[in-house]
Amino acid sequence: MPRPEQTIVKLTIDGREVEAIAGTMLVDAAKQVDVEIPYFCYEPKLGEPVGACRMCLVEIEGIPKLQTSCSTPVREGMVVNTTVDRVLEAQNSVIEFLLVNHPLDCPVCDKGGECPLQDYTFGWGRGKSRVIEPKRHFVKPLALSPLIAIDRERCILCYRCVRFSQEVAEDWQLIFTERGAHTFVGTHDGHPYVAPFSGNIVELCPVGALTSQPYRFRARPWDIEGAGGICTLCPSQCNVEFTVRDDKVVRVLSRENSAVDDGWLCDKGRFAYQAIHVDERITEPLVRGESGELESASWEAALGAARAIAGHRGRGAALVGGQATNEEAYLLGRIVREGLQSHDIDSRLSGTVELGLTRALAAPALQATVADLEFAHTVLVLGTEPVDDSPILDLRIRKGVRRNGVKLAIASARPSTLDPNATLSLRYAPGSEAEFLAGLDAALSGTAASDEFGALATLLKDGGEDVVILWGESLPAQALPTLLSIAGKLGLTDRDGAGLLEVPNGTNARGIREAGALPNAGPGYSEVQAGRNAAEIAAALTAGDVTVLYLFQVDPLRDLPARASWDAALGKAAVVVAHASVLTEGLARHADVVFPAESSAEKEGTIVHPDGRLQRLRAAIKHPGEVRASWQVLVDIAKATGVETGILTAGMAFQQLTKAVPFYAGLTLEAIGGRGLRWPETDAAAEMPAGAAPAPAKVQATEPAPEGKLLLGTYRSIWASTEVEISPALAFTIAEQLVELAPQDAIALGIEHGAAVQVAQNGTRLAGRAAIRTGVPAGTAFLAAGIAENSANALTESIVEVVKA
Amino acid sequence: MPYEPGPDVIEVMRHPAKGPAMSTLRVFGETLRGMKTTLARVAEGPLTIQYPEEKTPVYPRFRGRHKLHKFEDTGLEKCVGCSLCAAACPSDCIRVVAAENTPDNRVSAGERYAAVYEINLSRCIFCGYCEVACPFDAITMGHDYELSDYTRSDLIFTKEMLLAEPLERTPLRTEGE
């Protein structure tokens, strides 16, 4: 639904004139004129108020009884009093009642010092209790999950966590059990509350009932400093606040930015900060010594070894991982193109897209924003699983469906967790994305090949003009012209509140592309001599045409398809230089020089959100160990290859980038600030080169798998990342190979849920565990990619055989 | 111009009239007066305290070096590592790092305990706010004032040093003293 119109009403609060938007609750209107009304349960992010805590009672003239200001919307001419005796008496009493059972163990409690109950008791409480009876006692503390500790004595039953679980994350796990004074929060059968967004309830809890296990007793509010930053673990790029004590990140909180994250964080973003301070992290340069092992070395030695790439002019290549900043990608482009006089640089590791098409898909007029997901008439999720690929968008879509009546359509190969919320969800066979889109395109022109296509076309065309298509980077390049054609038919160009929103595979994929790390595009999608893409680089390495490979926070054996051919290709390379924070398999085996990579809490730079929002990374802590700023290392390497960048600071790198990318012109770090700035909304956006979409190609129908074999689809779990693997708190989530099968296939193959299976193809065998999901279409199997062991990228063909182990 | 005091000013005679005999008398008289004070003190005996062999006793509420306390019955530390002392400290000389008690390693009575408790005594101003802030009476100001050392780092007192029974080096002033 489009954003509602806003009307202004006037009212009086404590004698002060307030102008508020109609529909605002009294507490929020009071905040506008600096009248503080205490409350525990009210939280606008959670949706409708419940009025459970009774702390926000106020007197409204004309209404005999006190009213809860959190659930009373403003009305024209209302006169509200918040400081009359009647109200103060009520507030006193509420505090007194809450403290009947709330233990006074503030010195031990982790919330102490940042606790609303403490503050309100001090500000609005009586200071004395008349209750002398013993307090209610529970066993404490208990682990609600490996990440969250629950102290049921401290709970004031405000319903925030339960509402989050039921109305925001919609995992329906948390409930109140028992009644009266014995009520406590828990799960239905006492199982641990494990969910992708569970950590948010820690931040929501207004008392110390739910506390973070990794942060347990780590610091007090006066021991710490907050430093704003951006989480760079997925393309959602949520705004976070790093809690820093003694130059170490000890906690991550959300820093609400409604245009990006809506104030929520996923558990990966909230707890994988631990990867910054663990022994597994590389904190000093490594150089392959004479023994053939990587050994720690001085920076001089490592830079000296890396300078060897200068001797391979014309035969160098670079792969840029998703966590690189724009500046780093730009510098890498210069090293490859100017220094090594090569053209082989790639960051779109799932396949290259023609330059004209890339430009057309990134055109400012066609971009939807994250907030548009919430206010569109219809959202089509195409070939992506938001909870895995960009988790925070999952919550945004749920919010739109639940609160604004957005109609959701899902088209994907793998069953989605959003299916229950969708008006329509369609499945296509893995690998037949282009075929599916061609069918949808035809249906939009009026020739629907099947009822499903007809229903989807009707929903998109007649459901309202504002349509947002959230599409995944893993859609094959040949499907993309059709996607543009569909967008054109739906009239998404130049329409506010509608458009395309890409979910790329890498965090900063969009910024890296704009900075010129593509084989066929320079900075600002400019035309350059075409080079090799990732797959061609592997072939060229094997053939000896490319001898030097620069890996920037990417491990081909881990992140790229065709693992075996990469293994061979890397073995042939003369010099492999890598930036990495964890020594993954490919680097341990093949890298000659490994520079320690920075974490997002240490970095200075800019990144671009998939909707075109430039965001700024700021250093929250000093570099641990010997880690150096990556831009600085790249500048040194550039110098060795004969490129004088003249860059002395991270800010200068950004300035050079704004000069090189025409549509970044005029952007400054100050203007980007803490909230980010969407370049498609700036005047310079007109400088974006116009795209040219090729005509959709004829697509071949995908053959179903032969008898006894299955079509292979892959997915990348939210937990499939090296940062999660080395974070002790998240050790319980580490993704293993789960082979998702349809029940029919499982029965036919005689495989039970949870049984050990082997996935075979051309002599490659992967071990995994079977997971039978009813939503999986018959004849397909989904395997996890991006995991440490038995990753699906070892398989190269689209047909697999699944057998019992 | 010379100063003319005028008729209101009277000249007062403050010494014996001038002359040899009177001068002798005056000097002898003054010497006797001095000797009276001196001889009176001789009778009183010496007042010098022979520090460090002898020490000035302190009042009971004297604020000297801090002490951390344990429960006498259970032997558990009273400190739960709440850091309120660090929050109250105006010179920012207290550092507390808390940790969780486990059944195998129970250090304090509450859920948490101070894994690190350090006071930088070279920075402390002995104001006693930490003692006031402590909700468990775990830290009190002791009577020890002999805190000099050869290196600054030796003046950072750790939890073990603060918990240890202090050498009773400082006498306490008794009642009526």
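Here the structure is a predicted model, which is why all the values come from computation and not from measurement. (Residues numbered from 1 in each chain as written. Chains lettered and ligands numbered in written order. Predicted model: local features only at pLDDT ≥ 70, side-chain atom pairs only at ≥ 80, totals over all residues.)

### What about the overall build of chain B?
Okay, step 1: Of the regular secondary structure elements, chain B holds four helices and five strands.
Okay, step 2: Ordering the α and β elements of chain B from the N terminus gives α-β-α-β-β-α-β-β-α.
Okay, step 3: Compactness check: chain B gives a C-alpha radius of gyration of 30 Å against a globular reference of 16 Å for 177 residues, more than 25% above the reference.
Okay, step 4: In terms of its C-alpha atoms, chain B occupies a principal-axis envelope of roughly 95 × 50 × 35 Å.
Okay, step 5: In chain B, which comprises 177 residues, the proportion classed as buried is 21%.
Okay, step 6: Contacts spanning at least 24 positions in sequence make up 71% of the contacts within chain B whose residues lie at least 6 apart. (Helix = DSSP H or I, 4+ residues; strand = E, 2+ residues; numbered from the N terminus. Rg over C-alpha atoms; globule rule 2.2 N^0.38 Å. Buried ≥ 20, exposed ≤ 12 C-beta atoms within 10 Å, placed from the backbone. Contact = placed C-beta atoms within 7 Å.)

### Focus: the domain arrangement of chain A
Residues and elements named next belong to chain A.
Okay, step 1: Looking at chain A, the domain boundaries give domain 1 (8-83), domain 2 (133-275), domain 3 (286-349 + 508-664), domain 4 (356-503) and domain 5 (710-804).
Okay, step 2: Taking only C-alpha atoms into account, the centre of domain 2 sits 37 Å from that of domain 3.
Okay, step 3: Taken together, the contacts link 16 residues of domain 2 with 15 residues of domain 3.
Okay, step 4: The element contributing the most residues to the side of domain 2 that touches domain 3 is strand β11 (residues 225-230), with four residues. (Domains from an automatic or database assignment.)

### Examining the sheet that holds strand β20 (residues 424-427) of chain A
All names here are of chain A.
Okay, step 1: Strand order in this open sheet of five strands is β20-β19-β18-β21-β22, and the pairing throughout is parallel. Unpaired on one side and paired on the other, β20 and β22 (499-503) mark the two borders of the sheet. Ignoring which end each strand starts from, the neighbouring axes of this sheet average 15° apart.
Okay, step 2: Here strand β19 (residues 407-412) runs beside β20; their pairing, made up of four bridges, is parallel. By the bridge assignment for β20, S412 is matched with R427. (Pairing = 2+ DSSP bridges. Axes fitted to C-alpha atoms, helices over the stretch in contact; angles between N-to-C directions.)

### Details of unusual backbone geometry
For residues besides glycine, phi is generally negative; the peptide bonds are generally trans as well.
Okay, step 1: Here the amide bond leading from A:K140 into A:P141 is cis, since omega sits at -10°, within 30 degrees of zero.
Okay, step 2: Its place among the elements puts A:P141 in the loop between α3 (116-124) and β6 (142-143).
Okay, step 3: The peptide bond linking B:Y51 to B:P52 adopts the cis configuration, its omega dihedral lying at 0°.
Okay, step 4: Residue placement: B:P52 occurs in the loop between α1 (20-44) and β1 (66-68).
Okay, step 5: With a phi angle near 50°, A:D14 is a residue other than glycine that sits in the positive phi range.
Okay, step 6: By secondary structure assignment, the location of A:D14 is in the loop between β1 (8-13) and β2 (16-21).
Okay, step 7: According to the C-beta neighbour criterion, A:D14 is partly exposed, with 17 such atoms within 10 Å.
Okay, step 8: Positioned with a positive phi, A:N790 is a non-glycine residue whose angle comes to about 60°.
Okay, step 9: Note on placement: A:N790 falls in the loop between β35 (780-784) and β36 (799-804).

### Some details on helix α19 (residues 563-572) of chain A
Residue and element names in this part refer to chain A.
Okay, step 1: Listed as buried for α19 are R563, W566, A569 and L570. Within α19, the buried residues cover an arc of 120° as seen down the axis, which keeps them to one side.
Okay, step 2: Looking at the packing, one finds that the buried side of α19 touches α17 (534-543), α18 (556-559), β26 (575-580) and α20 (585-590). (Arc of directions from axis to C-beta.)

### With respect to the pairing of β36(A)
Walk down a regular strand and you will see the side chains alternate between the two sheet faces.
Residue and element names in this part refer to chain A.
Okay, step 1: Here strand β31 (residues 710-715) pairs with β36 via two bridges, running antiparallel. Residue L710 lies in a different strand from β36, and its bridge partner there is V800.
Okay, step 2: Pairing analysis gives four bridges linking strand β33 (residues 756-761) to β36, with the strands arranged antiparallel. Looking at the pairing, Q758 lines up with V803 of β36.

### Focus: the packing of helix α8 (residues 326-339) of chain A against helix α21 (residues 630-640) of chain A
All names here are of chain A.
Okay, step 1: Their axes nearest at 10 Å, the elements α8 and α21 cross at an angle of 10°. What the angle tells us is that α8 and α21 run roughly parallel. Taking contact as the criterion, the partners of E327, E328, L331, L332, R334, I335 and G339 in α8 are, on α21, S630, W631, L634, V635, I637 and A638.
Okay, step 2: A breakdown of the residues in the contact of α8 with α21 according to their chemical character gives eight nonpolar, two polar and three charged. (Parallel < 35°, antiparallel > 145°, perpendicular 65-115°, else oblique. Nonpolar A, V, L, I, M, F, W, Y, C, P; charged D, E, K, R; others polar.)

### Side note on the interface of chain B and chain A
Okay, step 1: Contact with chain B, which involves 14 residues of that partner, is made by ten residues of chain A.
Okay, step 2: When residues of the side of chain B that touches chain A are traced back to their parent elements, those giving at least two are α2 (84-88) and β2 (94-100) of chain B.
Okay, step 3: Looking at the side of chain B that touches chain A element by element, the count peaks at three residues for β2(B).
Okay, step 4: Of the residues in the side of chain B that touches chain A, the class split is eight nonpolar, three polar and three charged.

### Details of the confidence of the model for chain B
Okay, step 1: In this model, chain B carries a mean pLDDT of 89, and residues with pLDDT of at least 70 account for 96%.
Okay, step 2: Confidence metrics for the complex model read pTM 0.91 and ipTM 0.84. (pLDDT = per-residue confidence, 0-100.)

### Looking at α3(A)
Residues and elements named next belong to chain A.
Okay, step 1: Taken residue by residue, α3 has L117, Y120 and T121 as its buried positions. When α3 is viewed along its axis, its buried side chains cluster within an angular range of 105° and face the same direction. Across α3 from its buried face, at more than 90 degrees, point the exposed residues F122 and G123.
Okay, step 2: In this fold, the buried residues of α3 make contact with α2 (85-101).

### Observations regarding the nonpolar core
Okay, step 1: In this structure, A:V320, A:L332 and A:L470 are the most contacted members of the largest nonpolar core, which totals 251 residues.
Okay, step 2: Element by element, the count of residues in this core is highest for helix α13 (residues 433-444) of chain A, at seven residues.
Okay, step 3: By size, the runner-up hydrophobic cluster in this structure holds 27 residues, among which are A:V108, B:Y113, B:A114 and B:F157. (Core = buried A, V, L, I, M, F, W, Y, C linked by C-beta atoms within 7 Å.)

### Some words on the environment of A:G316
All names here are of chain A.
Okay, step 1: Looking at the secondary structure, you find G316 in strand β16 (residues 316-320).
Okay, step 2: For the pair G316 and Q341, spaced 25 residues apart in sequence, the C-alpha to C-alpha distance is 7.9 Å.
Okay, step 3: Not counting residues up to four positions away in its chain, the partners in contact with G316 are I309, V336, L340, S342, V548 and Y550.

### Describing the packing of α17(A) against α19(A)
All names here are of chain A.
Okay, step 1: At a minimum axis separation of 8 Å, α17 and α19 run at an interaxial angle of 50°. Viewed along their axes, α17 and α19 adopt a mutual orientation that is oblique. In the packing of α17 onto α19, the handedness of the crossing is left-handed. Mapping the contact onto sequence places A538, L541 and T542 in α17 and S565, W566, A568, A569 and K572 in α19.
Okay, step 2: Looking at the contact of α17 with α19, its residues break down into five nonpolar, two polar and one charged. (Left-handed = near helix turned anticlockwise from the far one by under 90°.)

### Topic: the environment of A:T187
Okay, step 1: Its location among the elements puts A:T187 in strand β9 (residues 184-187).
Okay, step 2: Setting aside residues no more than four positions away along its own chain, A:T187 makes contact with A:Q173, A:L174 and A:Y193.

### Brief notes about the sheet that holds β36(A)
All names here are of chain A.
Okay, step 1: One closed barrel accounts for six strands, arranged β31-β35-β32-β34-β33-β36; its pairing is mixed. Within the sheet, the average angular offset between the axes of one strand and its neighbour, ignoring direction, is 45°.
Okay, step 2: The sheet contact formed by β31 and β35 spans five bridges and is parallel. Pairing of L712 across the sheet is with A781, part of β35.

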